[in-house]
Amino acid sequence: MKSAVVLLAGLFAFTAYYVYLPLPSTVSEPWRLMLLDASFRAAQQTCNLAHYLGLGHHLRLLNFIIGTFDKLNPQHAEEVKITDTQFDGVEVRVYEPPAKAEETLRRSVVYIHGGGWALSSTRGSFYNNLCSIMAESLDAVVVSIEYRLVPDFHFPVQFDDVLRATRHFMHPEVLDQYSVDPGRVAISGDSAGGNLAAAVCQEMSLDQNKTGRFKLQALVYPVLQAFDFNTPSYRQNEFTPVLPRFVMVKFWIDYFNGNYEFAQSLVVNNHTSLDVSQAHPFRDRVDWTSLITPRFRKTYKPVTPTTGEVEILEAIPLLLDVRAAPLLAEKQVLRLQPKTYILTCEIDVLRDDGIMYAKRLEDAGVEITLDHLEDCFHGCMIFTIWPTHFSAGIRARDSYIRWLRENL
């Protein structure tokens with residue numbers, strides 16, 4: 001009996017140690033967030049072990065776990081018509097709100113899901129629920145793009161899939177098929193989906209065809225650069241829930257099919273050290289000492305090694321490709337961007353990516369709404385249904401939809 005009590009006490013202590021994570025006092029529902037993070041970490045570590053043992057790629061295994069979990073609570077607005085189809089060979093899911101008595105053209109949102117270019121699906125309950133609510137709340141046609149995922153496909157496949165599907169949808173005859181007003185189309189996405197949305201928006205802004213332009217772009221905690229992994233938000237949130245710094249670095253490496261041996265060097269910015277000439281043209285475009293305010297800079301200082309590892313960019317030159325890192329775009333490209341909404345969270349390594357992009361767009365003359373949420377964490381907007389229901393997620397989602405309703 002005594003040994004059983006000792007064993008249970010030890011198990012409880014270990015569980016508490018594994019689950020507990022210091023969080024800012026502004027976080028609502030901290031224990032729920034700790035449990036979510038502990039569950040995600042446990043899944044990641046299990047998949048990493050399986051990867052090491054040769055049982056499968058850790059991202060493919062992790063996506064299987066997420067997909068299985070995602071099927072526990074399938075939800076969508078019953079009034080919304082959902083159709084799975086293809087746009088130029090790319091799988092998409094189209095959400096159409098209930099028809100109204102008067103025949104009027106509707107607004108539309110092209111949505112790209114997040115997940116580090118490797119996880120989640122338009123068909124999972126998290127994004128199915130979000131897009132259904134968007135279609136119903138906005139009376140809008142929502143096109144959610146099922147781009148191909150890492151590790152089976154790497155950059156630029158994800159970018160190309162989203163670009164092809166979006167260009168197809170923007171053809172006048174396709175917009176007419178779905179009764180969409182060509183002047184009221186937005187592109188949007190969260191996290192890695194925000195990255196793809198911003199990159200595709202930039203690419204399409206350069207098209208000669210003036211009719212295929214977006215009225216708005218709405219980016220939710222987007223990942224926008226792999227130049228500097230030591231911004232204030234990367235350092236402040238190095239070990240925070242859902243997306244710690246090292247996990248984000250590994251997502252970038254997997255996106256480019258790079259070598260994990262570079263991970264620690266990327267963390268300390270050895271790929272953009274002062275002796276790496278390829279990085280020089282981009283330094284002012286990610287200079288957070290001028291692009292973010294003292295409120296967010298706090299007491300952090302830039303990390304710019306004098307000497308680093310030139311071989312990193314020689315092996316992964318795509319780290320500086322603007323199609324993968326939209327924050328690195330030239331000012332003349334930023335001038336062409338539509339009115340923009342960017343949602344950032346305080347508890348997020350990517351906070352400063354969004355803030356810097358907002359500032360660069362504003363400096364280029366683009367109308368910007370920066371919606372910063374102090375008590376929210378990365379990924380919160382999709383966590384609005386059981387068993388991962390967060391009030392912070394509902395607030396983020398409602399704020400995002402409200403802006404679209406008022407501006408699209």
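Residues numbered from 1 in each chain as written. Predicted model: local features only at pLDDT ≥ 70, side-chain atom pairs only at ≥ 80, totals over all residues. Heavy atoms only, no water.

### Some words on the overall build of the protein chain
Along its length, the protein chain carries 16 helices and 10 strands. The C-alpha atoms of the protein chain give a radius of gyration of 21 Å, which matches the 22 Å a tight globule of 408 residues would have. Reported as C-alpha extents along the three principal axes, the dimensions of the protein chain are approximately 75 × 60 × 40 Å. Relative to its 408 residues, the protein chain shows a buried fraction of 57%. Here the contacts in the protein chain between residues at least 6 apart in sequence split such that 75% fall between residues at least 24 apart. Here the protein chain carries 38 positive and 47 negative side-chain charges, and the mean point of each set is 3 Å from the other. (Helix = DSSP H or I, 4+ residues; strand = E, 2+ residues; numbered from the N terminus. Rg over C-alpha atoms; globule rule 2.2 N^0.38 Å. Buried < 20%, exposed > 50% of the residue type's maximum accessible area, 1.4 Å probe, protein only. Contact = heavy atoms within 4.5 Å. Lys, Arg positive; Asp, Glu negative; His and termini not counted. Charge placed at Lys NZ, Arg CZ, Asp CG, Glu CD.)

### Structural notes on the environment of Arg-123
Locating Arg-123 in the fold gives a position in the loop between strand S3 (106-112) and helix H4 (125-138). Separated by 22 residues in sequence, Arg-123 and Ile-145 have C-alpha atoms that sit 9.9 Å apart. Look past the residues within four positions of Arg-123 in its chain and what remains in contact with it is Asp-84, Glu-91, Arg-93, Asn-128 and Glu-146. Among the polar contacts listed, one links the side chain of Arg-123 to the side chain of Glu-91, at a separation of 2.8 Å. (Polar contact = N/O pair within 3.5 Å; in protein donor to acceptor, adjacent residues only side chain to side chain.)

### Digging into the pairing of strand S8 (residues 368-377)
Looking at chain direction, strand S7 (residues 339-347) and S8 are connected through seven bridges and run parallel. Bridging from a neighbouring strand, Cys-345 pairs with Leu-373 of S8. Between the parallel elements S7 and S8, the chain passes through helix H15 (residues 351-363) in a crossover that is right-handed. (Pairing = 2+ DSSP bridges. Right-handed = clockwise from strand over helix to strand, strands pointing away.)

### Describing the nonpolar core
Counting 92 residues, the largest nonpolar core has Trp-117, Ile-145, Phe-169, Met-248, Trp-252, Tyr-255 and Tyr-357 as the members making the most contacts within it. Among the elements that take part in this core, helix H7 (residues 192-205) stands out by supplying eight residues, more than any other. If sequence neighbours within four positions are ignored, Tyr-357 has contacts with Ala-198, Gln-202, Gln-217, Leu-219, Leu-224, Pro-326, Leu-327, Leu-334, Gln-337 and Ile-342. By size, the runner-up hydrophobic cluster in this structure holds 45 residues, among which are Val-27, Tyr-111, Cys-345 and Leu-404. (Core = buried A, V, L, I, M, F, W, Y, C linked by side-chain atoms within 4.5 Å.)

### Considerations on the packing of aromatic side chains
The final tally for this structure, using the stated rule, is 18 aromatic pairs. Each ring, one from Phe-155 and one from Phe-256, has its centre 5.7 Å from the other, and the planes form 90 degrees; the classification is edge-to-face. Here Phe-155 is found in the loop between strand S4 (140-145) and helix H5 (157-169), whereas its partner Phe-256 is found in the loop between helix H9 (245-255) and helix H10 (263-267), with 101 residues between them in sequence. One cation-aromatic arrangement involves Arg-148 over Phe-153; the distance from NZ or CZ to the ring centre is 4.8 Å. Positioned above the aromatic ring of Tyr-260 is the side chain of Lys-250, whose terminal nitrogen or guanidinium carbon lies 5.2 Å from the ring centre. (Phe/Tyr/Trp six-rings, centres within 6.5 Å; stacked < 30°, edge-to-face > 60°. Lys NZ or Arg CZ within 6 Å of the ring centre and 35° of its normal.)

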